[in-house]
Amino acid sequence: MATVTTSSPATLQPCTHTSRHGVARYCPSPLPWRRWSYGRMTTRATASSHGQPSATGGWVEAPAGVAAAAGEEGDSIRRLQNGPDVRGVALEGEKGRPVDLTPLAVELIAESFREWLREELQRPAGEELRVSVGRDPRLSGARLSAALFAGLARAGCSVFDMGLATTPACFMSTTLPRFNYDASIMMTASHLPYTRNGLKFFTKRGGLTSGDVEDICDRAARKYVARKMGFGVGGMPPVVMRVDLMSAYAQHLRDIIKQRVAHPAHYDTPLKGFKVVVNAGNGCGGFFTWDVLEKLGADTTGSLHLEPDGTFPNHMPNPEDATAMSLTRDAVLANGADLGVVFDTDVDRSGVVDGTGAAINGDKLIALMSAIVLDEHPGTTVVTDARASDGLTRFIASRGGHHCLYRVGYRNVIDKGVQLNTDGVETHLMMETTGHGALKENYFLDDGAYMVVKIVIEMVRMKLAGLEGGVGSLIMDLEEPAESVLLRMNILGEPKYAKQRGTMAVEAFKEYIQEDKLSGWVLDDCGDCSVGEGCLVDTNDHPNDVDAYMYRAKLYNENKRPLGMVHVRQSVHNPNIALNMQSYVPGGCKYMAMDLHKRFLLASGVNDFVDISEVEKFVK
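Residues numbered from 1 in each chain as written. Predicted model: local features only at pLDDT ≥ 70, side-chain atom pairs only at ≥ 80, totals over all residues. Heavy atoms only, no water.

Caption draft 1: Here's a closer look at helix α4 (residues 141-154). Given a rise of 1.5 Å per residue, 14 residues ought to cover 20 Å, and the 20 Å separating the end C-alpha atoms of α4 matches this to within 8%. In terms of burial, α4 is largely enclosed, as 11 of its 14 residues are buried. Regarding α4, the residues found buried are Gly141, Leu144, Ser145, Ala146, Ala147, Leu148, Phe149, Ala150, Gly151, Leu152 and Arg154. Remark: Gly156 follows α4 within two positions and exhibits a positive phi of approximately 105°. (Helix = DSSP H or I, 4+ residues; strand = E, 2+ residues; numbered from the N terminus. Expected span 1.5 Å × (residues − 1). Buried < 20%, exposed > 50% of the residue type's maximum accessible area, 1.4 Å probe, protein only.)

Laid out in structure tokens, this is it:
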């Protein structure tokens, strides 16, 4: 056991450059920030007492023949990959879902991450790699963190524990002065139930891709059976250094607001006279209330669920959650607030409520951010996932912007924006309809707090300019669909076959359209960039990897007028297929569902391995 005293946090400057791509995540500790005393701290993570270290600082694996025998047990680790993240069940309590994110799995993934990182950074085997770790308040966090620390240290990393943090802050720990770590890992499962947990990985270049995480999980799977048999275990408990990154990150956000508002009367308290309500959902977002808004002069009376609680007793921290938005709306109206803010668990997503109580999330949040960004960067391209509405496309076009529709998945949307910029297409905003939003000016990082910072700055600027109506007035002309419906179809059979069967079903949908077995349906394309064939396929010279299959299609009537849009996709996180429908006319969603049920789901035989009962219930 070791005690380490860390240096005080640095004075930070606003970001002035961008990177190849960057998703950031944040890490929580067991106690609220407000009551946590940073400084001297000792962290102990357990390790087995036998085994031998290798010359490279890692640990000896079993013979190749044993590793090759991993089979089904090794595959259980491979299945923890969820796109660019690792996700799994960490606590008992989910019907039909056994615990699969075990301490051993986390430890092996941590070791494998270090191997991958050394190769990615082209570092010599014995050279020190500095990795920070953060987590959200989930009940499984402490136990799994010990395994994470042990795996990283065993593999030769210097480990820096940020405690309770946000996902974006984890990424920023690789860039902020006097931290500048080689990589970071955030332990979170975002908006998923408290029984889940997961890992998100970052380097200085941003979040890892699905292919990167697949590589890491494959390495861990090859170690799994060997470790179960006692090969390559042992070592002393790791030395873990505790650092206070969140104070530095909060100061970074405050500096941005002060500098960009440049208030003529009170520079250091530009939010004086404003009321802002924050709903943190008992996740990691409470810091934004205490360490950003209040220190800038805002009145945060009426804020909700600021104390971290890993059981999430009030509602899931999620800007898509109806309860979260409704409670925030009530608090805004009850306290006469200018703005309400809703964060997800790890604060890489957010939504807002304007002063009238109108919820601004989904397409509305993208429209609001588009209005702000297009004012700063006229003519820029905005990338969204293909669930966005045609009304949003027209909204962006009306302000001189271009709209690129792309695959669902925050990593997909961000990577497409990075790719477009590389190809010479100016792209400053990338947003998913779930609330993930990234900006070119901020390392291409999906940071819910930074999005709110942009909105708060706009709110103050509008007030200084004498404009009425608040931020909600910026999207008054956004057209919304007549109807929107989301249906889910569970994939039948063993979970290990779910991804393969989901791909089969979604690809069958595309083939039925292309073979004219679904007359009237047409695969929708993005006309503003190199995306075709249902907003999935890159048509340029350097296509991004596909991590999950999905297609967007429109149904046209006999007069060749579109009735609505359907987006069919396999879920990355759960064994199901999501069917998002938007209708341009009343009753259109039911009509489209009936057509798909009769002419595709039954006719194609997809119903043999996909549960279509939710669709059947909807069309009755």
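Caption draft 2: How the structure looks around the packing of helix α3 (residues 103-121) against α4. It is the contact of α3 with α4, at a shortest axis distance of 7 Å, that shows an interaxial angle of 35°. For the pair α3 and α4, the sense of crossing is right-handed. Only Arg143, Leu144, Ala147, Leu148, Ala150, Gly151, Leu152 and Arg154 of α4 make contact with α3, whose side of the interface consists of Pro103, Val106, Glu107, Ala110, Glu111 and Phe113. (Axes fitted to C-alpha atoms, helices over the stretch in contact; angles between N-to-C directions. Left-handed = near helix turned anticlockwise from the far one by under 90°. Contact = heavy atoms within 4.5 Å.)

Caption draft 3: Quick peek at the state of the cysteines. On inspection of all chains with the given rule, the structure shows 1 disulfide. Here Cys535 is not disulfide-linked; the sulfur of Cys526 is the nearest cysteine sulfur, at 6.2 Å. Accessibility expressed as a relative area gives 1% for Cys535, which makes it buried. (Disulfide = S-S within 2.5 Å.)

Caption draft 4: How the structure looks around the sheet that holds strand β12 (residues 359-360). Pairing is mixed in the open sheet, where 4 strands are placed in the order β9-β10-β11-β12. Single-partner strands in this sheet number two, and they are β9 (276-279) and β12. In the sheet, strand β11 (residues 350-354) pairs with β12 via 2 bridges, with the strands oriented antiparallel. Each residue of the ladder has a partner; that of Val352, found in β12, is Ile360. (Pairing = 2+ DSSP bridges.)

Caption draft 5: Up close: the pattern of salt bridges. Considering all chains together, one arrives at 43 salt bridges under this definition. A salt bridge links Lys200 to Asp346, with the shortest nitrogen-to-oxygen separation between them at 3.4 Å. Of this pair, Lys200 sits in strand β6 (residues 196-203) while Asp346 sits in the loop between β10 (339-343) and β11, and the two are 146 residues apart along the sequence. Each member of the pair, Lys200 together with Asp346, is buried. Taken together, the shared-partner salt bridges connect Glu115, Glu119, Asp215, Arg219 and Lys223 into one network. (Salt bridge = Lys/Arg side-chain N within 4 Å of Asp/Glu carboxyl O.)

Caption draft 6: Just the pairing of strand β24 (residues 576-583), in detail. The element β24 is largely enclosed, with a buried count of 8 among its 8 residues. Residues of β24 alternate between two faces, with Asn576, Ala578, Asn580 and Gln582 on one and Ile577, Leu579, Met581 and Ser583 on the opposite face, all of them buried. Here strand β18 (residues 483-490) runs beside β24; their pairing, made up of 8 bridges, is antiparallel. If you follow Glu483 over to β24, its bridge partner there is Ser583. In textbook terms, the turn of a hairpin is the stretch between consecutive antiparallel strands, and for strand β23 (residues 562-570) and β24 this stretch comprises 5 residues.

Caption draft 7: Representation of helix α15 (residues 588-602) in the model. Here α15 is 15 residues long and its end C-alpha atoms lie 20 Å apart, about the 21 Å a rise of 1.5 Å per residue gives. Remark: the principal bend of α15, roughly 35°, maps to Leu596. Among the residues of α15, Gly588, Cys589, Met592, Ala593, Asp595, Leu596, His597, Phe600 and Leu601 are the ones counted as buried. (Bend = angle between axes of the 7 residues up to and from the residue.)

Caption draft 8: Structural context of the packing of aromatic side chains. Taken as a whole and judged by the stated rule, the model has 11 aromatic pairs. Residues Phe160 and Tyr181 carry aromatic rings whose centres are separated by 4.6 Å and whose planes lie at 25° to one another, so their mutual orientation is stacked. Taken together, the residues Phe160 in strand β4 (residues 157-164) and Tyr181 in the loop between α5 (167-172) and β5 (183-187) connect sequence positions 21 residues apart. Note on accessibility: Phe160 and Tyr181 belong to one class, buried. (Phe/Tyr/Trp six-rings, centres within 6.5 Å; stacked < 30°, edge-to-face > 60°.)

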